[in-house]
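Understanding the architecture of this molecule
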Amino acid sequence: MRKKFEILLILFVLLCSITKTFGHVNIVPLPQKVVEHSGNFTFKSGQCIGFSDVTLKDAAVYLKHIMIPTGYRFTLKKGSGDINLILLSKADRQNESYTLSVTNKKIYIKAKSYRGIVNGISSLRQLLPEQIEASTMVKNMKWTVPVVEIIDKPAYAWRGLMLDVSRHFYTKKEVERFLDMMALYKFNKFHWHLTDDQGWRVQIKRYPLLTEKGAWRKMINIDQICMNREKTENNPDFVIPKENFKVVDGDSLYGGYYTQQDIRDVVKYAAIRGIDIIPELDMPGHCFAAVANYQYITCFKTPSWGALFSAPICPGRDVAIDFCKNVYKEIFSMFPYGYVHLGADEVDKTNWQKCPECQARIKAQGLKSEVELHSWFVHQMEKFFNANGKRLIGWDEILEGGLSSTATVDWWRGEIGDVVKKTTDHGNEVILCPTTYCYFDYPQDNNTIERLYRAPIVPEGLSDKQLPLIKGMQANIWTEMIPSNARLQFMAFPRALALAERAWTSTNLQSWEDFSIRLQSQLKRMDVMKVKYRKLETDIK
Ligand code: ACM
Ligand code: ZN
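What comes next concerns the included structure. Owing to the predicted nature of the structure, the values given are computational and were not obtained by experimental measurement. (Residues numbered from 1 in each chain as written. Chains lettered and ligands numbered in written order. Predicted model: local features only at pLDDT ≥ 70, side-chain atom pairs only at ≥ 80, totals over all residues. Heavy atoms only, no water.)

1. Looking at the overall build of the chain
Inclusion rule: A run of H or I in DSSP becomes a helix once it reaches four residues, and a run of E becomes a strand once it reaches two; helices and strands are each numbered from the N terminus. This radius of gyration counts C-alpha atoms alone. The globule rule is 2.2 Å times how many residues there are, raised to the power 0.38. Relative accessible area decides the class of each residue, using a 1.4 Å probe on protein chains only: under 20% of the type maximum gives buried, over 50% gives exposed, and in between gives partly exposed. Any two residues whose heavy atoms approach within 4.5 Å are treated as being in contact. For every accessible area listed, the method is Shrake-Rupley and the probe measures 1.4 Å; residues are considered covered only by the protein chains on display. None of His or the chain ends enter the tally, which takes Lys and Arg as positive and Asp and Glu as negative. Charged side chains are reduced to one point each, which is NZ for Lys, CZ for Arg, CG for Asp and CD for Glu.
In terms of helices and strands, the chain carries 18 helices and 19 strands. In terms of C-alpha radius of gyration, the chain reaches 25 Å, essentially the compact-globule figure of 24 Å for 541 residues. Dimensions of the chain, computed from the C-alpha atoms along their principal axes, are close to 90 × 55 × 50 Å. Expressed as a percentage of the 541 residues in the chain, the buried residues total 56%. Looking at the chain alone, contacts between residues at least 24 apart form 74% of all its contacts between residues at least 6 apart. Carbon and sulfur atoms make up 55% of the accessible area of the chain, which totals about 23300 Å². Each charge class in the chain can be summarised by its mean position, and for the 72 positive and 60 negative side chains these summaries are 7 Å apart.

Structural data, given as structure tokens:
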């Protein structure tokens with residue numbers, strides 16, 4: 001009898017775990033608390049999406065847009081509806097938490113901010129069948145979500161992805177598709193690497209050559225490598241899209257750029273989805289596309305492509321500093337978010353050693369070296385950022401030669417913990433994006449996702465004063481070897497989901513085994529979206 005009872009108990013526990021993992025709720029990133037009940041809410045044509053406050057109207061329109069594949073007609077109204085978006089009375093813009101209650105008659109998403117509401121919408125979207133991700137109407141579907149109670153909040157305020165659009169260019173539409181994916185997995189920071197040696201991608205009205213010329217280049221080594229890989233690996237994702245070429249004086253030039261209107265459109269598109277955009281115009285290095293067209297901003301004229309990395313901006317010249325500030329002034333007017341990225345990585349300082357103006361600046365400012373000159377440049381720019389109401393982020397090179405008290409550091413290099421310890425010891429904020437785990441341009445194998453899920457991204461041994469200075473996590477996607485949107489999707493997904501969960505879900509709730517099961521249902525979603533993600537078991541690198 002006792003044995004029979006034990007077998008029944010085991011069967012019951014097994015059944016419970018199967019219904020938990022194979023049930024309806026397979027949300028990524030895992031919410032803090034999910035309580036499933038029996039029953040469903042069924043969507044029908046004519047239902048109303050109600051919003052409690054006019055500031056939520058965009059979120060209601062966004063939800064209606066998500067529901068397009070149902071083919072149903074949804075009405076929107078301020079007040080109560082069948083699906084309700086409710087801003088709680090103590091509104092708090094920083095608070096991204098939400099609750100999602102589904103009963104068999106109504107749905108309620110409640111939050112203290114627009115962001116929280118949008119996070120609730122992402123969870124609701126993942127409760128729907130994966131066909132909701134189709135681009136057109138899907139017939140003969142029953143559109144239901146399970147009765148459930150979700151209470152949720154993020155572990156980290158910064159959950160970012162960085163995309164380099166300089167080495168290879170992605171159209172406005174492609175960037176928007178990328179933002180759609182970010183929103184689905186509750187990423188909230190899009191770091192847009194807009195300029196580099198290989199191309200300047202944002203219109204600056206005061207300096208038109210930056211895009212007239214700086215956005216276009218002849219084919220270079222990175223393109224050749226992509227074309228070779230297309231052939232040797234027989235992989236069409238390495239084809240460089242024809243749309244990104246134009247012919248000028250018989251030369252075929254690769255490139256593209258965003259107009260200021262494009263940028264404003266993308267900023268709005270992201271804001272509706274709860275995403276801030278951090279623009280980066282990399283300076284004083286990595287800016288050949290600028291110095292080649294405005295030669296007075298570098299130490300020695302006529303820099304050649306061969307001198308790519310050795311022609312940084314000249315911090316000895318006031319006109320060069322003015323150029324940098326003028327460019328950023330236009331950037332500030334396009335990007336409302338409070339944080340802006342200066343770059344400041346990998347600067348070859350050889351020219352600065354030889355340049356009389358750089359040496360004069362070192363002397364006049366009482367600096368000890370070119371490393372301190374770099375730091376002086378960063379501080380000049382930071383003062384300018386701050387005077388315009390912006391906060392500066394830089395790659396971890398900004399630690400060298402003296403960190404200001406207010407800059408935020410992107411940790412990308414070196415031993416686990418070194419940069420994080422130094423930055424937080426200094427009292428500054430840090431974003432974790434170490435090369436070892438968070439460089440999504442690095443090749444993948446079949447253990448990449450699990451390695452990332454279990455990675456020691458947050459260093460051990462930090463004090464209670466240091467830990468709150470960790471703003472969050474980010475993955476970076478450098479695109480030298482990523483010439484197409486298909487290749488971008490292959491490199492970013494599904495590994496981005498592991499990072500999303502690391503950054504959103506409390507560590508004590510993270511479980512690789514549980515995540516792997518929920519991941520399966522997300523892959524089905526990506527299949528419907530026609531995202532060319534990397535299949536879990538494959539030889540393709
Ligand atoms: C970097 O990867 N150069 C920040
Ligand atoms: Zn100089």
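2. Some thoughts on the nonpolar core
What counts, and what does not: In this description, a nonpolar core means a group of buried Ala, Val, Leu, Ile, Met, Phe, Trp, Tyr and Cys residues linked to one another through side-chain atoms lying within 4.5 Å.
Within the largest apolar cluster, 158 residues are counted, with the highest numbers of intra-cluster contacts made by F43, L85, F178, F190, W192, Y328 and F493. Take this core: its biggest share by element is 9 residues, from helix α9 (residues 318–334). Not counting the four nearest positions on each side in its chain, F190 is found in contact with L161, L163, V175, F178, L179, M182, I275, D276, I277 and I278. I278, Y337, I393 and I431 belong to the second-largest nonpolar core, a separate cluster that totals 6 residues.

3. A few points about the coordination of the zinc ion (ligand 2)
Operational definition: Water is absent from the atoms considered, so a metal site may look incomplete; donors are defined as N, O and S atoms within 2.8 Å of the metal, or 3.2 Å for Na, K and Ca. Any site counts as irregular unless it has four donors with all angles between 85 and 135 degrees, making it tetrahedral, or four or six donors with opposite ones more than 155 degrees apart and the rest between 65 and 115, making it square planar or octahedral.
Around the zinc ion (ligand 2), the protein contributes the donor atoms C299 (SG), C314 (SG), C355 (SG) and C358 (SG), at 2.3 to 2.4 Å from the metal centre. Viewed at the metal, the 4 donor atoms of the zinc ion (ligand 2) are separated by angles of 107 to 113°, and the geometry they form is tetrahedral. Read in sequence order, the donor residues coordinating the zinc ion (ligand 2) give the pattern C-x14-C-x40-C-x2-C. Taken together, the residues C314 in the loop between α8 (288–291) and α9 and C358 in helix α11 (residues 356–364) connect sequence positions 44 residues apart.

4. Thoughts on the pairing of strand β15 (residues 339–343)
We apply this condition: For two strands to count as paired, DSSP must find a minimum of two bridges between them.
Extensive coverage of β15 is indicated by the burial of 5 of its 5 residues. Burial along β15 is two-sided: the residues Y339, H341 and G343 and V340 and L342 are all buried. One ladder, built from 2 bridges, connects strand β14 (residues 276–283) with β15; its direction is parallel. The residue of β15 that forms the bridge with E280 is H341. As defined by bridge partners, β15 adjoins strand β16 (residues 391–395) across 4 bridges and the pair is classed as parallel. By the bridge assignment, H341 is partnered in β16 with I393.

5. Examining the sheet that holds strand β2 (residues 48–51)
Quick reminder of the rule: For helices, the axis comes from a line fit to the C-alpha atoms of the stretch in contact; other axes are also lines fit to C-alpha atoms, and the angle between any two N-to-C directions lies between 0 and 180 degrees.
Pairing is mixed in the open sheet, where 7 strands are placed in the order β1-β7-β5-β6-β4-β2-β3. Strands at the two margins of the open sheet, each flanked by one partner only, are β1 (33–42) and β3 (75–78). On average, each strand axis in the sheet is inclined to that of its neighbour by 20°, with strand direction left out of account. On the sheet, helix α2 (residues 57–66) packs against β2, β3 and β4 (83–87) and is oriented at approximately 160° with respect to β2.

6. Here we look at the sheet that holds strand β12 (residues 245–248)
Strand order in the open sheet formed by 3 strands is β11-β13-β12, and the pairing between neighbours is antiparallel. Edge strands, defined here as strands with exactly one partner in the open sheet, are β11 (216–217) and β12. With 2 bridges connecting them, β11 and strand β13 (residues 251–255) associate as antiparallel partners. When the sheet's bridge partners are listed, W216 is paired in β13 with G255.

7. Let's talk about α2
We count it as follows: The arc under discussion is defined with respect to the helix axis, by the directions toward the C-beta atoms.
All of the buried residues in α2 are A59, A60, Y62, L63 and I66. Down the axis of α2, the buried side of the element spans an arc of 160°, and every buried residue falls inside it. Close packing links the buried residues of α2 with β2, β3, β4, α3 (114–127), α4 (172–184) and α7 (260–272).

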